[in-house]
Structure formats: C-alpha cells, structure tokens
Amino acid sequence: MPPCLSLVCILEHLRGSSVGMLSLEAAEACSTTVLNPVACCSHKMKHSSLLRVLLTAFAPAIFALTTTSAKMSDLVALEALAATANAYASAFGIQIERKRSDDPTSTYFECAPVSLLPNAFPKEELAKAQAVAPDFNELVDRVSRDADFLESTLGGGVATSDPFTAQILKLYKQVYVNGPKDSPANLADRLGIHRSDYMLHAQSEGEPYQLKQVELNTIAASFGGLSSRIFSLHRYLTSRFGEEIKDFMETNKKIVTSNDDPAPGVPENPTLERIPQAIAVVYERYVQKFSKEGDASNVIVLFVVQEGETNTVDQRMLEFRLFEDHNIPVVRMSLAKIYSEAELAGNGKLTLNGKEIAAIYYRAGYAPTDYPDGDDGVEWGARLKLENCRAAKCPSLGYHLAGTKKVQQQLARPGVLEKFFPNKEEEGKVELMRSCFAGLYSMGDDATAEDLEAAKEVLEGKQSNYVLKPQREGGGYNFYGDTMRNKLKEHSSVGSDGSLQLGSALAEYILMQRLFPPQQRAILLRGGKVEGTGSCISELGCYGTIVTDSKGTVALNEPSGLLLRTKFSHIDEGGVASGFSCLSSPYLC
Ligand code: ADP
Ligand code: MG
C-alpha cells in the first residue's frame, strides 16, 4: 500500500501552482493509484498538471469545478466533508484498534478505512443476494452433515497438500463420525453466521451486471458491526449534502445501470440486530434445554478471539448489543487461554470460571497462524474441547469445512446442488444459487477436461481471466496474473500426447473465473484522512444467519444484513483487515 497522505500535505505541495491542461499520461499515473506525490514526481509531472489531476479526481461534480480555474475552497470543502466523516466515525464507533509504535503494550483507536461516499449498486442484484442468503445457509447446513461428501471432496489431494484443512477434517471425523451419535457435540444446536461475498460481473460488454459469488464465509465473517454504522454514515452524508454530491452519485449510477428510476439510496442495514439475535436464539434454546427451570443467570456466550486483534470494535459492537437487546453476557478469550481455563464435564457442560457456556462464536481459528503450538498443541486442543461440548458452535467443524474453497468449487459441479436439494419444490433454490456461481475449476486429481482446459488457458497467456486460490481465509493468499501462470507452469507438465498433467502440489487450489466489476469513482479515507481517489471496484457481502437442531430442523434462517467493500481497481486482493479494501455501502439504483 502506498503511504497515507493528508490532503493538507498535497495542498502545501501545490501552493501557488496554476492550473494547466490535463495530461492523459499524468491522469493515468495518478487517477488509478493512491494519491502519492512520489509516484507523481517520478512521472515528471508538473505541479500544474498534478493539481489538475487532483481536482479532476477529487472533485468530480461534488464541488462543481470549472475547467479553467480551481478554487482552494473547493478542496477545503472536500477536506471538510472528510472531516465530517471522520468525526461521525468517532462519534458512532467506526473505529479500529492500533498498537502504538512508541509503546506496543498500549493501543489507540482510529477511523477504520472507509469510502467517503457510497457506491452505486443495482437494487435488483442486491435483492437477489438477500433472497439467496437463506438457501446458502441451508446448503452449508446440509453439506456439514454429509461426511462422505466432505471426505471425498477434502480428504484426498486437498488434505495431502494442505495440513490445515486436513486437521479440521480429522477432528470433524473424530467428533461427528467416529464419536457416539448421541454425544453432546452431535446433539448440539448448530449456529451459522455466514457472509456470502459477490462481485458484479457482465457476461459480455453491454450486458447487464449480474451478481457472482466470490466466496462463502462460514467462519469469523467480520464487519457486521462496523458495516451497520457505515450505512448510517453514508445515509447521513447523502442526505445532508444531497445537492452537492448529486452529480457524483449520478455519474456512478450510470456506470452500473441503465435504469432511470429515482435512486432509493443507501438502505437500512440490520446486521447489529440480526447477528446478536441469532446468537440469542441458540442461547435461549440452550437455557431451556439445560439450565434448571430456565435460569440464565450463570450462562454466558464465549467469543474466541485472536491476541492482538485490531478489529475489536466490530466484535465489541455485537457483544454490547447482545447485552443491550438480550441481557446476554459475553466473555472474550483466546484459544490458548481457553485450553487452560475451560472445563469440560462428561455431560458436555463447558464452564469458564464457574460460568456455563451456551454458545461459542469464533472470531479466530480460521488461519494456521491461530494454532502456533502445532497439531498436538494447545490451540487445537482448545478447538477440540470446545467442539466436544454441548453448546452451539459458530461454526461447528462441519460448517467450517463447508465454507472451504474446494467445497465451493465442488458445489458448482453439475448435479451437486441437486444432491443436497433433491425435492422438486426446491428447484427454485438450486436455480437461484447456481445463477450466482462463477466458473470454478479443480486443480486436483479430480480435474475434468473442462478444468484442464481452463488451466491450459492460463498457461497459454490468458492469465488475466482467472484467479488461483488456496484453501485459506483472510485475504492476501490468492495468485493473479503472471505469478499465477508461473505457479501453474512450475507444477504441471505436458505429456507427449499434448495432455496437461497437474502436479499434486496444486491439489489444494481451485482456479476461478476472474470477475470484472464496474469501475466507479470513489474517495477513500484511511486513518480518517483522504488516502486517494480514483477508479474503484466493490464487493458486496450478504450476511445470513441460521440455527438448526441436531437433526437439521431449522429454527431460524434469514438474511441478516449487508457489507460493501471498495478498493482501487488495480488492486487484486480484497479484505479490509488485510489493508486492501475500505468499508462502504451500496447506493441503490
Ligand atoms: P479470502 O478468503 O482470502 O477472503 P477470497 O476468495 O475472498 O479469499 O479472495 C480475496 C479477494 O480477492 C476478494 O475479496 C476479491 O477482492 C479478490 N477476488 C477473489 N476472487 C476473485 C475473482 N474471481 N475475481 C476477481 N477478484 C477476486
Ligand atoms: Mg474473502
């Protein structure tokens, strides 16, 4: 990431410059990257062109600039808007926690990375994401109970080449397949707080944009808390400064839809009600089932968290709402601490310092780095202890496995969705889910002729049409472009008959069709300051919550709110916590 830069610095840098003509080369240099004077100077850009670029980039229609003169007050107005957003972020907790560089033992809070204004999004496609959320929830639940499917999908080449997935699968089999059918774990409720991520993609130029699934997150799907506040921030800004930003929003709207209806704007986002509500449902069910006469006074919810987490405010918002709305207390603890402090009784009752745990919500445990003590170490020991208890886990090991990328690829194979939804009356669900799938290809020993054809395309120079993904979560692991092509080249060979052989090291990878969402203008803030502006692409997340009992009977299943993340279009990876994206909201149109 280029360094953060305050607008004030840019203004200082430019003071006294006059406005010249916009050079296209200069515009390219700046408008597609973060505003960075070093980059601009390296293109030998004159101050005058730079100012022009800045104004063109920053101001589009917001501040009604003329083509011949730029007023300092216009830029000051942008700064004022950014300052308002930053103040709103402080007032309403759109914050992330940072370690102090001069004292790593203490922390401070700053504005989370945000897009100053919302991004246009077609309302029909957003409605589709919400409509399909309960279907994906059910799919995860059904997949999680199909041990044969999970074993045949993940047990071969994936488990051999990826020890992390192998370990989750091993524990899953130990607890749910080889353990007694009436064990506390098998009889426990299942809780899913999922987030299906999508990009808009047009089949070909001129076609309307359609929703395509990037991935389905079943563990630690974050930003439900902060996202609800971002929507409020954007509703405030678009309503308070409606006239000033009208042209800006209109320009972006035209990029995503030809629809001329009046735009409904930024919707309400119920994440902060719905996610705690789902946890409250399993909590109440637990209390009814196990506590004497439904006495909840000693029963808590456990949040499993990482040491040194920066996204604490997002997690805390859920914790506070659980108490505010449902009177349910939360305890936060790391896996290592849980290992030594939690006690598991023979009947599956799990206690922490005398408090009984009704539900376990993981905001850690999704990456190998969360288990530093190794396969037989304390963190995996804690995971197993938690899994064996009678509380609901979000996610259970089965739900975790159902969210792997290999399972995503396998579900896109012909007939697989139908296997999980065999009834005639569920055909509509299958059709809706399938319409969200992008091209997904196995790079394992189960690769079909079609999968190999996709790999060949990459090797033959069409690498820009694909993304290569390992079985990892959290952003920053995918392969793109030449790096991907080289990786495929390194681990494959072509036989004398011209056939492509994929090496076993590729078995944990899936190849995915690259999606090309519409590029819109956006102004991104980092640490509360304008980081830059330019062409950006967005990824929509739709949360879904589900509660089922041990037999799969559904007690709750609903769409539970939204997330929009925006990043500069030249950045391949995603993820706010990993530093690639900014939080935003959809301006429906
Ligand atoms: P992770 O589990 O690490 O979040 P993702 O599948 O979400 O993995 O990929 C990370 C990021 O890479 C996404 O947020 C998105 O920005 C980008 N990405 C993933 N798949 C695609 C794709 N098919 N086309 C374009 N970008 C993609
Ligand atoms: Mg992702």
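The following paragraphs examine the structure supplied in this document. Being a predicted model, the structure only gives us computed values, none of them experimental.

**Some words on the packing of aromatic side chains**
So, step 1. Taken as a whole and assessed by the stated rule, the structure comprises twelve aromatic pairs.
So, step 2. Between Phe-149 and Phe-420 the ring centres are 5.0 Å apart and the planes differ by 85°, which places this aromatic pair in the edge-to-face class. Of this pair, Phe-149 sits in helix α7 (residues 147-154) while Phe-420 sits in helix α19 (residues 416-420), and the two are 271 residues apart along the sequence. In terms of burial, Phe-149 and Phe-420 fall into one category: buried.
So, step 3. Three or more aromatic residues joined by ring pairs form one cluster here, namely Tyr-88, Phe-92 and Tyr-236.
So, step 4. Directly above the aromatic system of Phe-421 lies the positively charged group of Arg-142, at a separation of 4.3 Å from the ring centroid.
So, step 5. When the ring centre of Phe-290 is taken as origin, the NZ or CZ atom of Arg-390, which lies over that ring, is 4.0 Å away.

**A closer look at the sheet that holds strand β17 (residues 510-513)**
So, step 1. In space, the three strands of this open sheet follow the order β13-β17-β14, with antiparallel pairing throughout. Each edge of the open sheet is held by one strand with a lone partner, namely β13 (440-442) and β14 (466-469). This sheet shows a mean twist of 25° between the axes of neighbouring strands, independent of strand direction.
So, step 2. Pairing of β14 with β17, which is carried by four bridges, proceeds in the antiparallel orientation. Across the sheet, the residue bridging to Lys-469 is Ile-510, located in β17.
So, step 3. Strand contacts of helix α21 (residues 449-459): β13, β14 and β17, with the helix running at about 100° to β13, the strand carrying the most contacts.
So, step 4. In this fold helix α22 (residues 481-490) packs onto β14 and β17, with an angle of close to 60° to the strand it touches most, β14.

**Brief notes about the pairing of strand β11 (residues 355-362)**
So, step 1. Within β11, seven of the eight residues are buried, which leaves the element mostly enclosed by the surrounding structure.
So, step 2. Strand direction decides the pairing type here: strand β7 (residues 299-304) and β11, joined by six bridges, are parallel. Each bridged residue has a counterpart across the sheet, and for Ile-300 the counterpart in β11 is Ile-357.
So, step 3. Judged from the two bridges that link them, strand β10 (residues 350-352) and β11 form a sheet pairing that is antiparallel. Residue pairing across strands places Thr-351 opposite Glu-356, the latter belonging to β11.
So, step 4. Taking the residues between adjacent antiparallel strands as the criterion, β10 and β11 are bridged by two residues, where Asn-353 takes a positive phi near 45°.

**Description of unusual backbone geometry**
So, step 1. At the junction of Cys-394 and Pro-395, the peptide bond is cis and its omega measures out at 5° in the coordinates.
So, step 2. Following the sequence through the fold, Pro-395 ends up in the loop between β12 (392-394) and α17 (397-402).
So, step 3. In the Ramachandran plot, Phe-223 falls in the positive-phi region, its phi being about 75° despite a non-glycine side chain.
So, step 4. Looking at where Phe-223 falls in the secondary structure, it is placed in the loop between β6 (210-217) and α11 (224-240).

**Considerations on the packing of α11 against helix α13 (residues 271-290)**
So, step 1. In the contact formed by α11 and α13, the axes pass within 8 Å of each other and the chain directions differ by 155°. Of the possible angle classes, the one that applies to α11 and α13 is roughly antiparallel. Residues Gly-224, Gly-225, Ser-228 and Arg-229 of α11 form the contact with α13, whose own contacting residues are Thr-271, Leu-272 and Ile-275.
So, step 2. For the contact of α11 with α13, a count of residues per class yields two nonpolar, four polar and one charged.

**Comments concerning empty space enclosed by the protein**
So, step 1. Applying the stated criterion across every chain yields a total of four cavities of 30 Å³ or more.
So, step 2. Size it by volume and the largest cavity reaches roughly 100 Å³.
So, step 3. If you trace the largest cavity, you find 14 residues lining it, with Phe-164, His-400, Thr-404, Gln-471 and Glu-473 closest to the centre.
So, step 4. Contributing elements (two or more residues each) for the lining of the largest cavity: α9 (163-177) and β6.
So, step 5. Residue composition of the lining of the largest cavity, grouped by class: five nonpolar, seven polar and two charged.
So, step 6. Each pocket or cavity is described by its volume, and for the second largest cavity that value is around 70 Å³.
So, step 7. In terms of lining, the second largest cavity is formed by Phe-136, Leu-139, Gln-213, Leu-216, Ala-402, Gly-403, Thr-404, Gln-408, Leu-411 and Phe-437.
So, step 8. Those elements giving two or more residues to the lining of the second largest cavity turn out to be α6 (123-144), β6 and α18 (405-411).

**With respect to the site of ligand 1**
So, step 1. Around ligand 1, the structure places 21 residues, and the nearest of them are Lys-405, Lys-469, Gly-475, Glu-539 and Lys-567.
So, step 2. With respect to ligand 1, the backbone of Arg-472 contributes an N or O atom lying 3.4 Å from an oxygen atom.
So, step 3. Between ligand 1 and Tyr-480 there is a distance of 2.8 Å, counted from an oxygen atom to a side-chain nitrogen or oxygen.
So, step 4. Compared with its free state, where it exposes 530 Å², ligand 1 has 96% of that area covered by protein.
So, step 5. Listing elements by their share of the shell around ligand 1, those giving two or more residues are β6, β14 and β17.
So, step 6. Of the residues contributing to the shell around ligand 1, the split by class is six nonpolar, five polar and ten charged.

**A short note on the side chain of Thr-566**
So, step 1. Inspection of the secondary structure assignment puts Thr-566 in strand β20 (residues 554-568).
So, step 2. By relative accessible area, which is 0% here, Thr-566 ends up buried.
So, step 3. Looking at Thr-566, its side chain comes within polar contact range of the side chain of Ser-538, at 2.9 Å.
So, step 4. Excluding anything up to four places from it in sequence, Thr-566 contacts Asn-119, Ala-522, Leu-524, Cys-536, Ile-537, Ser-538, Ser-581, Cys-582 and Ser-584.

**Examining the packing of α21 against α22**
So, step 1. One can describe the packing of α21 onto α22 by two numbers: an axis separation of 9 Å at closest approach and a directional angle of 120°. Two packed elements cross with a definite hand, and for α21 against α22 that hand is left-handed. Between α21 and α22, the residues in contact are Ala-455, Val-458 and Leu-459 and Met-484, Arg-485, Leu-488 and Lys-489, respectively.
So, step 2. Classifying every residue of the contact of α21 with α22 by side-chain character gives five nonpolar, no polar and two charged.

**Some thoughts on the side chain of Ser-535**
So, step 1. One can find Ser-535 in strand β19 (residues 529-548).
So, step 2. Here Ser-535 falls in the buried class, since its relative accessible area comes to 17%.
So, step 3. Side-chain polar atoms of Ser-535 contact the side chain of Ser-569, separated by 2.8 Å.

**Let's talk about a negative patch on the surface**
So, step 1. Judged by side-chain charge, Glu-243, Glu-244, Asp-247, Glu-250 and Asp-260 come together as a negatively charged surface patch.
So, step 2. Take Asp-260: it is sitting in the loop between α12 (242-256) and α13.
So, step 3. Looking at Asp-260, the relative accessible area reads 72%, which means it is exposed.

Calculation notes
- Residues numbered from 1 in each chain as written.
- Chains lettered and ligands numbered in written order.
- Predicted model: local features only at pLDDT ≥ 70, side-chain atom pairs only at ≥ 80, totals over all residues.
- Heavy atoms only, no water.
- Phe/Tyr/Trp six-rings, centres within 6.5 Å; stacked < 30°, edge-to-face > 60°.
- Helix = DSSP H or I, 4+ residues; strand = E, 2+ residues; numbered from the N terminus.
- Buried < 20%, exposed > 50% of the residue type's maximum accessible area, 1.4 Å probe, protein only.
- Lys NZ or Arg CZ within 6 Å of the ring centre and 35° of its normal.
- Pairing = 2+ DSSP bridges.
- Axes fitted to C-alpha atoms, helices over the stretch in contact; angles between N-to-C directions.
- Contact = heavy atoms within 4.5 Å.
- Parallel < 35°, antiparallel > 145°, perpendicular 65-115°, else oblique.
- Nonpolar A, V, L, I, M, F, W, Y, C, P; charged D, E, K, R; others polar.
- 1 Å grid on protein atoms, 1.4 Å probe; cavity = no way out; pocket = protein on both sides within 12 Å on 5 of 7 lines; lining within 4 Å.
- Points joined across faces, edges and corners; volume = space filled by probe spheres on them.
- Near = heavy atom within 4 Å.
- Polar contact = N/O pair within 3.5 Å; in protein donor to acceptor, adjacent residues only side chain to side chain.
- Areas by Shrake-Rupley, 256 points an atom, 1.4 Å probe, with all protein chains shown as cover.
- Left-handed = near helix turned anticlockwise from the far one by under 90°.
- Patch = residues over 30% accessible without salt bridge, like charges linked within 9 Å, V, L, I, M, F, W, Y side chains within 5 Å.
- Salt bridge = Lys/Arg side-chain N within 4 Å of Asp/Glu carboxyl O.
- Lys, Arg positive; Asp, Glu negative; His and termini not counted.
- Charge placed at Lys NZ, Arg CZ, Asp CG, Glu CD.

Distances and angles like these do not, on their own, reveal function.
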